[in-house]
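Each chain, written out:
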Amino acid sequence: MMESVGMYGFCGCKGKSKLKCDSRWEIAAAAETAPTSAYSSPARSLGDTGITPLSPSHILNDADPVSEQQTFLVVVAIDFGTTSSGYAYSFTKEPECIHVMRRWEGGDPGVSNQKTPTTILLTPERKFHSFGYAARDFYHDLDPNEAKQWLYLEKFKMKLHTTGDLTMDTDLTAANGKKVKALEIFAYALQYFKEQALKELSDQAGSDFENSDVRWVITVPAIWKQPAKQFMREAAYQAGLASPENSEQLIIALEPEAASIYCRKLRLHQMIELSSKAVVNGYSASDTVGAGFAQAKEHVRRNRQSRTFLVENVIGEIWSELEEGDKYVVVDSGGGTVDLTVHQIRLPEGHLKELYKATGGPYGSLGVDYEFEKLLCKIFGEDFIEQFKIKRPAAWVDLMIAFESRKRAAAPDRTNPLNITLPFSFIDYYKKFRGHSVEHALRKSNVDFVKWSSQGMLRMSPDAMNALFKPTIDSIIEHLRDLFQKPEVSTVKFLFLVGGFAEAPLLQQAVQAAFGDKCRIIIPQDVGLTILKGAVLFGLDPAVIKVRRSPLTYGVGVLNRYVEGKHPPEKLLVKDGTRWCTDVFDKFISADQSVALGELVKRSYTPAKPSQLVIIINIYSSEHDNVCFITDPGVKKCGTLRLDLTGSGGTAVPARREIQTIMQFGDTEIKATAVDIATSKSVKVGIDFLNY
C-alpha cells in the first residue's frame, strides 16, 4: 500500500457503471488544465493540498465507540429552549432520581416556573447582569430612558437555526437595536446555568462540588445542522462547562430523542391519551381535550414543591404494549421549532433505532407571537410598531408578556373574549405618534373580532385568538401529513406530543383530528419537562439510541482517472502526462442512511510532501444522495477536516506517510480521530463546520 501512488477506488456516481480508477486528492500546485477547456475547478481555486487516499471508501462496523468513557459523579442536563430554559440532574449512583432545578425567583401567575424565560440582560458596559425572570423583571423596572442603554435579549436561540452562514462572529440584536456577539450571549447563558447547578449541588453535598465531577448535556433541535451544534459546543467551552481537551465531558442531546427516551418510562398515571381508543386518568375522549390537560396540570401544580422525580427502572405500560419492530413518532413542539423523529423499538433491551431522518421546521409557538405582532401592525401601522419597539423596549416586553398569558388561555371551546392589557406608554406614545387615540385606530382598522375596552385593553374574541394560532398549527399538521406519507412511517403505533407548545389545547385538538384514526396520541403530564428529564437519562446512558439517520450526504472532492465517454470534458485535468477527472465527490455517507452507534468511516491519506505538517481537507454536503461531483447543484462546502502532523512523527519521517482517519457519524455530532500508521501515534484532528 505504501509503495503505490494511489489505491483503486470508486467515483460513486449513480446511474453509471461503477468506475475503477486511481483516486487522488485535488492537486492545486502546477496543475495543467486541458487546453481545450476554459473551465476552472473550484477545488483548484480553493487550493486543496495534494493528498492521496491510500484506501478506498469503506464503512466499518465497530462495537466500541471511538472515545473512551469517563466516569462522572453527576449528570446535569440543560434544556436551552427558545422561550424558556431549565436544568435537571441525577447522581450516577442514583439514576432513578431526577432532580429538577430549584424554584426560580419571580414568575408569572398561572405559569409553571420549573423553567425560567430564556432572557438575558447585559449592562450598558456589555457585562452580564442577570438571566431569566430576574433579567426580565429588572429590565421592566428600569426608567424608559435608562432602559435604552441596557442590552436585553430574548428568544435568541432561533438565530442559530435561521442563520445560513453561521460563524463565531454572528451577531444578535438586543431590544434597543444594538448588536452583540451571539457566542458571547450563549456563553453567558450557559455559564449562568453552570453556576446555578454547581451551587445547588454544593449545597446538597455540603462542600464545594467540582465542575470536573459533572457530565454536562445540552439539548438542541434534531433538525439543527452541524454548524449550530458546533456553535453550542464552542459556547459551552467558553462558559467553562468542558474543554476541547476534555470534549467527552459535554454531550449534545437531540431534543426529540431525549423526549423519546423519557416517554419509554411513562406510567399510565403520567400521561394523557387524546385518542378515543382508551380512557386514561378517569376521563374519556368525549371530554374536551383542554379539560383533561387542565386536570393533569393541576396535578403538576400540587406537586410543584417536590423537585425530585422517580424514574422507575422498568418499561412503562404503554411501552409494554410495543413489540419488536413497532414504530412511533415524537413530535417536539417548542417555542422556536417543531422537531419530528421516528423511532423503532428493539427488544429485549428496549434500544431505539431512528427510522427516518429528523424533520421539522420553524413552526414553534413563536409563530403565534409573530401573528399577534402582524395584527398590531395592521391596526396601528408597521411604522409605529417598529418605532415603539425601539423607543419603549421595556414596554414592548410588557405587552408580549400580557399576550403570552392570554395565549395560554386559548382553547377550542372557549366562548368569552380574551383581554390583553396595553401598557400605558403604548397608549400615550401612539397618541403622540399619530395624533389620535388607540380607540380611533381600532375603529378605523376594520379588524374583525378585536375591540377596545375602556379599561385599557384589547378585547379579542376566541375566533380572533384562534386565527393567530392557525398558520403555525397548519404548518405542523401539513409537515406531519408529509411524514405519514413515507413508507417508514405508515404503520406508526403511537404519536407522542411533547414540548411547551404541546400544552396548547388548539394544537392538541388539531393533531387529534388529523391523526387520531392513524395512531394513539399521547401527551406526558409534565410535558414541558419531558425533554429535560430525557436529556438526563441520555447523559446517564448515551448508547441508548443505537441507530440514527444521516441528515445529509457528506464527502470530499478527489481526482479520479479520466475515462473518455464517462466523464464530462470540462472536468479533464492533465498532469505529468496523466489524464485526471477533477471534482469527483468521494462519499463518506449518504443522506438518510442508517448509521449504527460506533460505526466508523475510515480513510487513509498521505501528505503530498513528507515534510508537510498540516493537511486541510474540504468537506462537502448535499441533501441528495445521488451526487457525482462537488460542483453538482445543491452541493456545498460545509466544513474542513484538519490533520495536524506536528508531534506525530519521529526523527526519521518515511518517504510516504500514511495517516489513517476514522470518522464517526452515528452520534449526535460528527467526530474524528486519526493515527500516523508508521509511528502508531495519534494525530491531532478536528472537523470544523464554523470556521472554514
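Residues numbered from 1 in each chain as written. Predicted model: local features only at pLDDT ≥ 70, side-chain atom pairs only at ≥ 80, totals over all residues. Heavy atoms only, no water.

- Looking up the protein chain in an unreviewed UniProt entry gives the name Heat shock 70 kDa protein 12A, with the organism given as Mus caroli.
- What UniProt states about the protein chain under its Sequence similarities (unreviewed entry) heading is, verbatim, "Belongs to the heat shock protein 70 family."
- Turning to the protein chain, the UniProt annotation filed under Subunit (unreviewed entry) states: "Interacts with SORL1 (via cytosolic C-terminus); this interaction affects SORL1 internalization and subcellular localization." (UniProt positions renumbered as here; feature names shortened; annotations may be inferred.)

1. Some words on the sheet that holds strand 22 (residues 418-421)
What links the strands of a sheet is backbone hydrogen bonding, and the strands pair in either a parallel or an antiparallel sense.
Here comes step 1: Taking strand neighbours across the sheet as the criterion, the three strands line up as 22-24-23 in an open arrangement whose pairing is antiparallel. Only two strands of the sheet have a single neighbouring strand rather than two, namely strand 22 and strand 23 (450-453). Sheet twist, expressed as the average angle between the axes of neighbouring strands with direction ignored, equals 30°.
Here comes step 2: Where strand 22 lies against strand 24 (residues 457-460), four bridges are found, and the strand directions are antiparallel. Looking at strand 24, one finds that L418 is bridged to M460. (Pairing = 2+ DSSP bridges. Helix = DSSP H or I, 4+ residues; strand = E, 2+ residues; numbered from the N terminus. Axes fitted to C-alpha atoms, helices over the stretch in contact; angles between N-to-C directions.)

2. So, unusual backbone geometry
Here comes step 1: Phi at K155 is positive, roughly 50°, even though this residue is not glycine.
Here comes step 2: Within the fold, K155 resides in the loop between strand 12 (151-154) and helix 4 (159-162).
Here comes step 3: Judged by its relative accessible area of 25%, K155 is partly exposed.
Here comes step 4: Positive phi outside glycine occurs at D592, with the angle close to 65°. (Buried < 20%, exposed > 50% of the residue type's maximum accessible area, 1.4 Å probe, protein only.)

3. A closer look at the nonpolar core
Side chains of a nonpolar character, in soluble globular proteins, are inclined to be buried together.
Here comes step 1: Ranked by internal contacts, the top residues of the largest apolar core, which has 151 residues, are F186, L190, F372 and F380.
Here comes step 2: At twelve residues, the largest contribution of residues to this core is made by helix 5 (residues 182-205).
Here comes step 3: Setting aside residues no more than four positions away along its own chain, F372 makes contact with L399, M400, F403, I420, M460 and L468.
Here comes step 4: Core analysis: the next-biggest nonpolar cluster, separate from the first, contains 32 residues, V574, V584, L641 and I659 among them. (Core = buried A, V, L, I, M, F, W, Y, C linked by side-chain atoms within 4.5 Å. Contact = heavy atoms within 4.5 Å.)

4. Let's talk about the packing of helix 5 against helix 6 (residues 226-239)
Here comes step 1: The contact between helix 5 and helix 6 brings their axes to 8 Å, and the two run at 60°. Judged by the inter-axis angle, helix 5 sits oblique to helix 6. Judged by the sense of rotation from one axis to the other, the crossing of helix 5 with helix 6 is right-handed. In contact with A182, L183, E184, F186, A187, L190, Q191 and K194 of helix 5, helix 6 contributes F231, M232, E234, A235, A236, Q238 and A239.
Here comes step 2: Residues of the contact of helix 5 with helix 6, tallied by class, amount to ten nonpolar, two polar and three charged. (Parallel < 35°, antiparallel > 145°, perpendicular 65-115°, else oblique. Left-handed = near helix turned anticlockwise from the far one by under 90°. Nonpolar A, V, L, I, M, F, W, Y, C, P; charged D, E, K, R; others polar.)

5. Here's the deal with the confidence of the model for the protein chain
Here comes step 1: Chain-level statistics for the protein chain give a pLDDT mean of 80 and a share of 79% at 70 or above.
Here comes step 2: In this model residues 1-58 is a low-confidence stretch, pLDDT under 50, and it forms 161 contacts with partners more than four residues away in sequence or in other chains.
Here comes step 3: Under a pLDDT of 50 for its full length, residues 296-306 has, in the predicted model, twelve contacts with residues more than four places off or in other chains. (pLDDT = per-residue confidence, 0-100.)

6. Comments concerning the pattern of salt bridges
Here comes step 1: Across all of its chains, the model carries 28 salt bridges by this definition.
Here comes step 2: Among the ionic pairs, D79 bridges to K115, the shortest N-O distance being 2.9 Å. Here D79 is found in strand 6 (residues 74-79), whereas its partner K115 is found in the loop between strand 8 (97-100) and strand 9 (116-117), with 36 residues between them in sequence. Note on accessibility: D79 and K115 belong to one class, buried.
Here comes step 3: Here R603 and D586 are joined by a salt bridge, their closest N and O atoms 3.3 Å apart. In this pair, R603 is assigned in strand 32 (residues 600-606) and D586 in strand 30 (residues 578-589), connecting sequence segments 17 residues apart. (Salt bridge = Lys/Arg side-chain N within 4 Å of Asp/Glu carboxyl O.)

7. Here we look at the sheet that holds strand 10 (residues 119-122)
Here comes step 1: Pairing within the open sheet is antiparallel, and its three strands lie in the order 11-10-12. Both outer strands of the open sheet, strand 11 (128-131) and strand 12, are each paired with one neighbouring strand and no more. Averaged over all neighbouring strand pairs, the angle between strand axes comes to 15°, with direction disregarded.
Here comes step 2: Lying over the sheet, helix 5 contacts strand 10, strand 11 and strand 12, oriented at roughly 105° with respect to strand 10.

8. Brief notes about the environment of H161
Here comes step 1: Structurally, the position occupied by H161 is in helix 4.
Here comes step 2: We classify H161 as partly exposed; its relative accessible area is 25%.
Here comes step 3: Between the C-alpha atoms of H161 and K229, which are 68 residues apart in sequence, the distance is 9.9 Å.
Here comes step 4: Aside from chain neighbours lying at most four places away, what touches H161 is I223, W224, T337 and P362.

9. Some words on the packing of aromatic side chains
Here comes step 1: Inspection of the entire model under this criterion finds 33 aromatic pairs.
Here comes step 2: Plain terms: the ring middles of Y192 and F193 are 5.7 Å apart, the flat faces sit at 75° to each other, and that makes the pair edge-to-face. For the pair Y192 and F193, a shared accessibility class is recorded, and that class is buried.
Here comes step 3: Look at F388 and Y429: their rings are 6.2 Å apart centre to centre, the planes differ by 45°, and that puts the pair in the tilted class. Of the two residues, F388 is situated in helix 11 (residues 382-391) and Y429 in helix 13 (residues 424-434); the sequence distance between them amounts to 41 residues.
Here comes step 4: The exposure class of Y429 is buried, given its relative accessible area of 12%.
Here comes step 5: Pairwise contacts between aromatic rings join F380, F384, F388, F426, Y429, Y430 and F433 into one cluster.
Here comes step 6: When the ring centre of W224 is taken as reference, the NZ or CZ atom of K157 above it lies at 5.6 Å.
Here comes step 7: Positioned above the aromatic ring of W580 is the side chain of R561, whose terminal nitrogen or guanidinium carbon lies 5.3 Å from the ring centre. (Phe/Tyr/Trp six-rings, centres within 6.5 Å; stacked < 30°, edge-to-face > 60°. Lys NZ or Arg CZ within 6 Å of the ring centre and 35° of its normal.)

10. Some thoughts on the pairing of strand 21 (residues 351-361)
Here comes step 1: As paired elements, strand 20 (residues 338-346) and strand 21 share eight bridges and run antiparallel to each other. Bridging from a neighbouring strand, V338 pairs with G361 of strand 21.

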